[in-house]
Structures are given as structure tokens and as C-alpha cells.
Amino acid sequence: MIQYGLLGPVQAVRDGRSVPLGGPRQRAVLARLLLAPGRAVPVGRLADDVWGGDPPPTAAKTVQKYVSELRHALGAAELVTVGGGYRVDGDVDTVRFEQLLAEGTIDRALDLWRGEALDDLPDVPFVVAERARLEELRLVAVERRAEADIGTGRHAQVVAGLAELAAAHPGREHLTCLLMLALYRSGRQVEALDVFQRHRRRLADELGIEPAEELTALERAILRHDGTLDPPPAPAAAPSRGNIRLPVSSFVGRTDELRRAVAALRGAAPVTLTGPGGVGKTRLAVEAAAAVAADFPGGAWLVDLAGLTDPGLVVRQVAVTLAVGDPRDADEEGTVLAALANQGPLLLVVDNCEHLLARCAELVDRVARSCPGAHVLATSRQPLGVDGERVLVLAPLPADEACRLFEDRVRRTGVADDDVARLPVPEICRALDGLPLALELAAGQVRSLGPAELTARLDARLQFANRRFDAPARQRTLRDMVAWSHALLPAPTQRVFARLGVFASTLTLPGAAAVCAPEDAAPHVAALVDQSLLVRDADAGGAARFRLLDTLRLFALELLAATGEEVDVRRAHARYYLEFLRAADSRLHGPEQEEWIRRIEAEEPNVHAALDWAAEHDPALAVDLAVALWAYWDLRWRERFAIAYLAALLDRRGEGMTAAEKGWALTVMADLAANPGEARLARRPAERAVALFREVGDDRGLCSALVALACAHRDEGTLDAADVCLAEARAIADRLGDTWRVGRAATTAWAIAARRGASDHAEALAREELDVFTALGSRRGQATALRHLAVTLQQRGDLDGATRLCERALAVWEALGERPAMAHAQSTLADISRARGDRERAAAMYERALAELCAVGDRRCTASTFKNLAIIASSHGDHDRCATLFRDAIRLRCELGDYAGLAECFTGLADDLALRDRHQEAAVLLAAADERRRASGVTASPEEVRAAERVEARRRAAGGPGLAGAPTLEAVLGLELSLEPTAG
């Protein structure tokens, strides 16, 4: 029986295999018939609907042709002629969905969805109408499931999904109501009320109406902490977090091993599954993790290290999996450990440790010692050797289980039961040592070879294997198995297989074509997929992506090295990604920004492989790659990685670079250092880059280097020097007609004007910045400009206007999921709250923002937040906390080289010391602040002016002493400071 699917792309599945359905219009004919299950649809109606009410004269004959082809694919019994029309009888997922929904079986109903309904059909009226109807029913189901989850205590787990749905469907106010309730029950009352206010403003702005009574009543209940809103007692339920997903294929055998692994995971010691390659360590680890997932509210998380070669990236991979930390974090391991310690009981499955054994052992040991709630399950070909480790050795499958697995996998390839019965299954399984991967590879050959030829080749393979008694374990089993499978390929496909080994992660057909030219890669990729040497990535979405299993990739690289082509193929790989990144760069500043960010993220392991190879073999190509990645590194907060990479490249290979190459490397490094305010790191590279570009006469490079140097001077506080650089850069950008660089110049000029307190000029620059990025279509640029404009209005006292603009910016960052940028916007909203006198709200917002700023390593904004929290602590009389925070802010600003920013810290600390009658020390700090401003051109803010006036008034009232005999600034602060810029 055929199962038909409309809840996603149109599909027909017979015996687990998809049936080819032809082109979009032919699939539309089938879909139209399936939407009338059991009823005949006249040919005229079919033609009218499929061609959107405007069928061509030949439509009836074309419909008959489509029906004939569909009958050939589906079988004549599936599509029958009735009078002047056609009828399809079958199992349609839309019918099942509506039945399950009516029965209240919501989870099963939603599990039928594979994407947007009728996703691959043209937007003709019948498709649009049915798609809208089904989407409405899906949303009803989603609402019911959310209600059930909230009612059973899973409120925290549904917040993220509800937030996305409520934003996408503002007219469905019940979604907003559910989101508010879920947030409130999660202890996030302020956010629940913020959701209501944002929804209310949106309705007022767009429709001129007020929220429904259901929402306003819920707001009132939240404000009074109505007891009816309290969550029910939490049931013992499966965890809602984690990324463990069981494969679709069946798990055969391993009953005892699974039981032992589950029992071991319920203890506190790290557990390691060991055994030869291909024995099934990863699959057993996933099955065991899924079995115990309910015991870990913090989630069960799979960290796959197969694609890594650098031990230094192990912690990064864990951080990416858990969505914590950032490459710029000076102590990323500490951040990860803190997250593991604070996330509640969780399970970390660290997969494929053998090639990074020492680093994995160090990390697992630290997790075991410092994170008592975190349990670790590792897979490796040898034990990690950490204290208390529980080692479970995984042996090959016993004969009966090996035969069951092999037969199951052969049947999944579409081989008939009669052909399976003719296979000498026990003999095959014995020859392959019962290794699951070997069995699956062999099963993939049955369909093309047949039983007799498979057996003949297996005998030859046995003879070869037995001679390698002294080979390492991997070579005795999986390596030989891969070699045997590889020998079945035609020579051109073998060459393609070897070249695909250069991909560090998944690959696309265009990528394969680039490294395989002049071969046409597509048919060879298809052949490799058919023979299980290359697998389609099930979670890729969008363009098809393929993956070589790690063992296969290593074998492919050995073959490639033996051909003598490795240098050429790796260069082709790197050049392919250079062209890919250049194509992306031109789109990262406009409306396609988000799509291209996702594309680059999918390719990051391959991009890193290209960067590493180029750094060693082709420095000019390495610089080109870095320049092409510049905007992406900037947008995705990858500054720390980029700076380290370029510094190492210049140190090792700089002498052989041309002036232009060196200039671009220095410019990218300086610009990315200046982004988070690292003036000490930025200024010298920027100065050298400016000199090099003047030498070679490269105006575009000179413009970029001057902007980077202006940013360094801005962060340092040498504002006059920044003006000079920026004026020249702006003139060049205008002459080149480079809108993006004009926008960058405006952004930098705004920051300089804001530091000077030139509010009129700052507002004009922020509006220019907003206009530029709006014209470019850059949502991120617009959000940044909106926040800058909000800061300017706040400094001018327009707090309502500043709030509106900053909330608009925050909404963009929330929609994009950009947590660091959200923290910046929240800090600005906290500034506004503090200006209104709401210190408690401001402090809470600063604390929330501070956690994210520290996580991403934004030391400039961290210093500002320390300063703001110190002022609030002083107002509460918490003078010790105030002094500590100010000293932390001062230390950070000295490390950054932000000498002008010290003035506001000195003034704030002076204000606090004067409250404690320490007038002479306060006077020392005020004098130091005045000197910082004179040296830099920075103007005191109104808040700083008022603080200085209070200090002086208290000193006079107390008859306090002047500066004669006063302690040094370092003595007042209790710090040793370097208060001058380093020489250029």
C-alpha cells in the first residue's frame, strides 16, 4: 500500500521507498486528487485548478499525460478513471492528521508534518488555500500541545517555541497569552509583562486596537501574583533539553551492553565506551543516552569530535553544542565548566575522542572534579585514563545479532526477501568479524553485486585481511573493510572518493565539483551514496549535503597522498571556499545577510580547514580568505579567533608577503580588535597598514585601514587623531562610491561625537548611519544605528524616544537570536531606567547583560557595566561593592587602552569616596579625571558634571584639605596603572 504525504513536499512512499512523481505540475495533479480522497475530480476541474484558473488549450491532454506517468509510477490500481475524471484511493497524511487532531492525539498529529504543506508546488489558488487551511489546523494543534505542556509543568521548555510563534502570528493572541503564562511560571515575570507591552504597542501601531480581554486579564493577574497562575507540581517527565536524536534505522542486539551502559551512567564516574573502529560505540552511546535522558533535566548532549583535528577546538565544540561561551572568551573552558555546573544534572556524550585523547582526558577530568551534576559518556578506541573512569569494552556482535543486523540493512536497501535468503549470511558475518560498520558497508553492495559476486569478492577480501595479523586494530578491521569497499568502485569514482577526503565536514555537490574537476562529480557522488561510502546529511536542509564517515575520510586522505595530487586538490578546496566567501561577502551587508550567515556557518569546518592549509602552504591565499571572512567574523563575534589566526600568520609568513597582502592582514586584525574596544591590540597594526597602503597606492585598502585606525584612536580616547583618520577615510569612501564603508565611517564618527558630548552632531551621524544601512537592507546595521540613536536621545534627555528606538533595536536582535547584541541593547535600556531613577530595574538589566558580555569577551562594555553597577551600589550605600566594581572597570580600561574612559570611572569613585568623608582622595581622582579629559578631548557627561559638583560641595562643606600632601592616584586606587598609550 502506498502512503501519500502532503504535509511537506508531495510524496508517495511504497515499502519505505519514495516513488518518483515527476515535475511540479505533475505533482500538483496528484496533490489535487489527494485533496479529494475517494472522490473523482473531473479533468476540466483538474486543469483549471492546476493552472490557476488559466489553463492552456492543451491542458486536458497534458493532464492525461501526467495521469499516465503517475499510473506508471504508482500502479494502475492507485489512480483510476471515473467518468470524465480521476480518483486516487490511498492513505493520505492530511486525513490522518485531521483524524488524530479530532481524537486529541496531538503529538502524533504534529509528527506527521515534514515542513510547510505542499511545499514544492506552485502557488496557484487551490494550493495557497489548502496550505493556509492546513497551517491553521497545525497552529491549533501547536496551541493545544503548548497548553498541555504548560498544564503539566513543562512551561520553561516551551518558552522559546512560543516566543517564535507569537512573533510570527501576532493576530493569534492566545499564543501571546500562553507565552506570558509560560514565562511567568518560569519565574520570568518582568519578561512576561514586557511581552504584553510589546504586543500592545504593536497592535496600537499597526491596527489601532487594544489587546483582547484574555490578555489584559492575564496581565492584571501577573501583576498581583494571582495564585491561580502558579505552576502545577512538576511531574517526572522526559527532559526537554539536549540534542540526542535516535537514528531512524533499527538498533539490533546489544541488549546486555546497553543495560550495562545505562547502569554505569546512573553512577557518578565518567564512562568510556572503547573498542575497535566500526564496532558501534557511537550508536550504543546514543541509545544509552536516550534511555537515561529522563534522569537529566539539563539535557543529554552529543558532542561530535569526528571533524576536529586541533585539540584546541575541543572546548569550542562543547561550547557550540551547549550554546555557551565564545571564541573571544579568554577562559572559554572556565565558561563551559560554569555552564555545566549551573545547568542542572546533564549528560555530556563526547564522541570520537581517540585522535584528541589528551585534550579530551583533561576536559573530562575537570568536568568530573568541578561539575558534580554533569555526567560524561565518552567514546574512544582507548580509555581516557582519568581518575575513577568506568571503562566498558565493546566487542564485535555475536553471530546471531550480526546476522540479524546484516539482513535488516540488506532489506533496507530494497533487496527482495528471496535474494536475501540466497545470501550466505552466517559466512559473511563471520568473515567481517561481526563489526557493525563492516556489515553495513557490505549490505550496501548486495543490490549492485548480487549474492554470488558478493561472496566471491568477500573470499578475496578474507585472504587479504588474514595476512595483516600485526596491523593496528583500525587497519585490521575498518581500514581493510574500507579498502575492500573502495576496490569495488570504478577508477574515476575512486579518484573522486580520494579527493573528497579534503572536506573536514559535510560537503555540497558544487564543492565536490570544485575539487574533482575535470571529472563530473555528481554521478560519482551518487555512486558513493549508493555504496554507503558517502551519506546524505539528514539534518542539512536546503541544498543537499553529504558526509564521509571519519574512518572513510582518513582512508580517502591516505589514497590522495599516494596519488601525489594532495597539494593541488587542497588548493582547489581552499580556492573554492575563497570564491564561496567572496560571493557571500557581497551579500552580508544587505537583505540576504541572514541566509548567507547560515550558509557560512554550515561550511565553517571546511573554511577552517582551508585557512589552516593556506597558512602553511599559500600565505597569499590565507590573506584572501581572511579578507573574505572579515564581515562574517565581525557579524558573528569571531574576533578573538580571527586576531589569533592573523597574528600567527603574520609572525610565521609575513616576511614573504607583498606589501598589499600584509596591509590587508593587518587591517582585518586591527578592525576586529577595535570592535570590542581592544585599542592596545588595534592601533599598531592599523598604523602599519595605513603606511603600507599609502606605499602601494591602494585607496580601498587605505580607506579600510584608516577606519580601523580611527576606531583605535576612538577607543584610546585620542579623538583629534581619530577625526583626522576618519575625514580622510570618508573622503576616499565617497570617491569610491562605497556605501558600506560610508556606513562604517558614520558609525565610527557617531562614537567619537558621543564621546565628545556633541549630541546634535551625534544624532545627525546616527540618522545618517540608519539611512545607509536601511538603503543596504542590513537588519543588523539598522538595529545598531537605532541603538546609537537611542543612546544619543537618552543623553539629550528624551528618555521616551530613546526607549522606543532601543526596543525596536532589541526586537531585531531577539528575532535574529543575537544574544551579545541583545545584551548591548539591554544595557542601553538599563541606562535609560537609571536616568529615570529606577535603579532596581536598571541593576537587574545590567546584571543580565553582564553575564552575556562576559561570556562573549566584550571587555569594553563589561567595563562600562561594572561602572554603572558601581554607581548604583554607591546609591544603595554598598560602598565596598562600589569600590570593587570601579577598580575592576578601571583595570579593564587600562588593559584595553581606553584612557579617556577612565575619567568617568575616576569621577564616579570620587563621588562615592566623598560620601565617606574621604575628601582628599576624592580630589585626587577628580584631578586625574580632568587630566584624562584634557588629554583626550572627551567631554564630561551631565551625570559626571553633577557628580563632580557634589564632590566639591562636600569637600568645601567639610573644610576638607586640597591636594597638598595628597596620596598618589595609584595609592588611592590600590592599583598599579599604565595610564598612557603605548608609543606608535
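Within an unreviewed UniProt entry, the label attached to the chain reads BTAD domain-containing putative transcriptional regulator, and the organism entered is Blastococcus jejuensis. UniProt's Sequence similarities (unreviewed entry) comment on the chain is quoted here verbatim: "Belongs to the AfsR/DnrI/RedD regulatory family."

1. Regarding the environment of Val668
For Val668, the location among the structural elements is in helix H29 (residues 659–674). Along the backbone, Val668 and Gly701 are 33 residues apart, and their C-alpha atoms lie at a distance of 10 Å. Excluding its chain neighbours within four sequence positions, the residues that come into contact with Val668 are Ala626, Val627, Trp630, Trp633 and Leu646.

2. A short note on the state of the cysteines
A complete count under the given rule lists zero disulfides for this structure. In this structure Cys360 is not part of a disulfide, and its nearest cysteine sulfur, from Cys353, lies 3.8 Å away.

3. Quick word on the confidence of the model for the chain
Averaged over all residues, the pLDDT of the chain is 84; the fraction at 70 or higher stands at 91%. Per-element confidence in the chain ranges from a low mean pLDDT of 55 for helix H20 (residues 473–487) to a high of 95 for helix H25 (residues 566–585). pLDDT under 50 marks residues 234–240. Its contacts with residues more than four places away, or in other chains, come to 10 contacts. Between residues 459–477, whose pLDDT stays under 50, and residues either more than four places distant or in other chains, the model counts 24 contacts.

4. Quick look at the sheet that holds strand E6 (residues 85–88)
In space, the three strands of this open sheet follow the order E4-E6-E5, with antiparallel pairing throughout. Edge positions in the sheet fall to strand E4 (41–42) and strand E5 (79–82), since each has one partner strand and no second. Looking at chain direction, E4 and E6 are connected through two bridges and run antiparallel. Its bridge partner lying in E6, Pro42 is registered against Gly85. Packing of helix H1 (residues 24–34) onto the sheet brings it into contact with E4, E5 and E6, and relative to E6 it is tilted by some 75°.

5. Focus: the pairing of strand E8 (residues 271–274)
The alternating pattern of E8 places Val271 and Leu273 and Thr272 and Thr274 on opposite faces, both of which are buried. For E8 and strand E11 (residues 374–380), the ladder comprises four bridges, and the chain directions are parallel. Residue Leu273 lies in a different strand from E11, and its bridge partner there is Thr379. When E8 meets strand E12 (residues 390–393), the two strands line up parallel, connected through four bridges. Within E12, the residue paired with Leu273 across the bridge is Leu392.

6. Overview of the pattern of salt bridges
Counted under the stated rule, the structure contains 77 salt bridges. Here Arg283 and Glu287 are joined by a salt bridge, their closest N and O atoms 3.1 Å apart. Linking Arg283 with Glu287, this pair stays in helix H12 (residues 281–292), spanning four residues, or about one helical turn. A single burial state applies to Arg283 and to Glu287, both of which are buried. The closest approach of N and O atoms between Arg409 and Asp408, which form a salt bridge, is 2.4 Å. We classify Arg409 as buried; its relative accessible area is 8%.

7. Observations concerning the environment of Thr739
Here Thr739 shows up in helix H33 (residues 739–756). In contact with Thr739, not counting residues within four places along its chain, are Val772 and Leu776.

8. Description of the sheet that holds E11
Pairing between the strands of a sheet comes from backbone hydrogen bonds, and it takes one of two forms, parallel or antiparallel. Ordered by their spatial adjacency, five strands build an open sheet running E9-E10-E11-E8-E12, and the pairing between neighbours is parallel. Two strands bound the open sheet, and with one partner strand each, they are strand E9 (300–304) and E12. In this sheet, adjacent strand axes meet at a mean angle of 20° when their direction is disregarded.

Definitions and cut-offs
- For every chain, the first residue of the written sequence is number 1, and numbering continues from 1 along that sequence.
- The predicted nature of this model means local features are confined to residues of pLDDT at least 70 and side-chain atom pairs, given and counted, to a pLDDT of 80 or more, with totals for whole chains, interfaces and linings taken over all residues.
- Side-chain measures were taken over the full set of non-hydrogen atoms in the model, leaving aside hydrogen atoms and water.
- UniProt positions are given in the numbering used here, feature names are shortened, and annotations may be inferred rather than shown by experiment.
- Per the convention used, a helix needs a DSSP run of H or I reaching at least four residues, while a strand needs a run of E reaching at least two, with both numbered from the N terminus.
- Residue contacts are defined here by distance: any two heavy atoms, one from each residue, within 4.5 Å place the two residues in contact.
- In this description, the term disulfide denotes a pair of cysteine sulfurs within 2.5 Å.
- Confidence of the prediction at every residue is given by pLDDT, a number between 0 and 100.
- For two strands to pair, DSSP has to find at least two bridges joining them.
- Interaxial angles span 0 to 180 degrees and are taken between N-to-C directions of axes, which are lines fitted to C-alpha atoms, for helices over the stretch in contact.
- For each residue, the accessible area found with a 1.4 Å probe, counting protein chains only, is set against the maximum for its type, and the residue is called buried under 20%, exposed over 50%, and partly exposed in between.
- For this analysis, a salt bridge means a side-chain nitrogen from Lys or Arg found within 4 Å of a carboxyl oxygen belonging to Asp or Glu.

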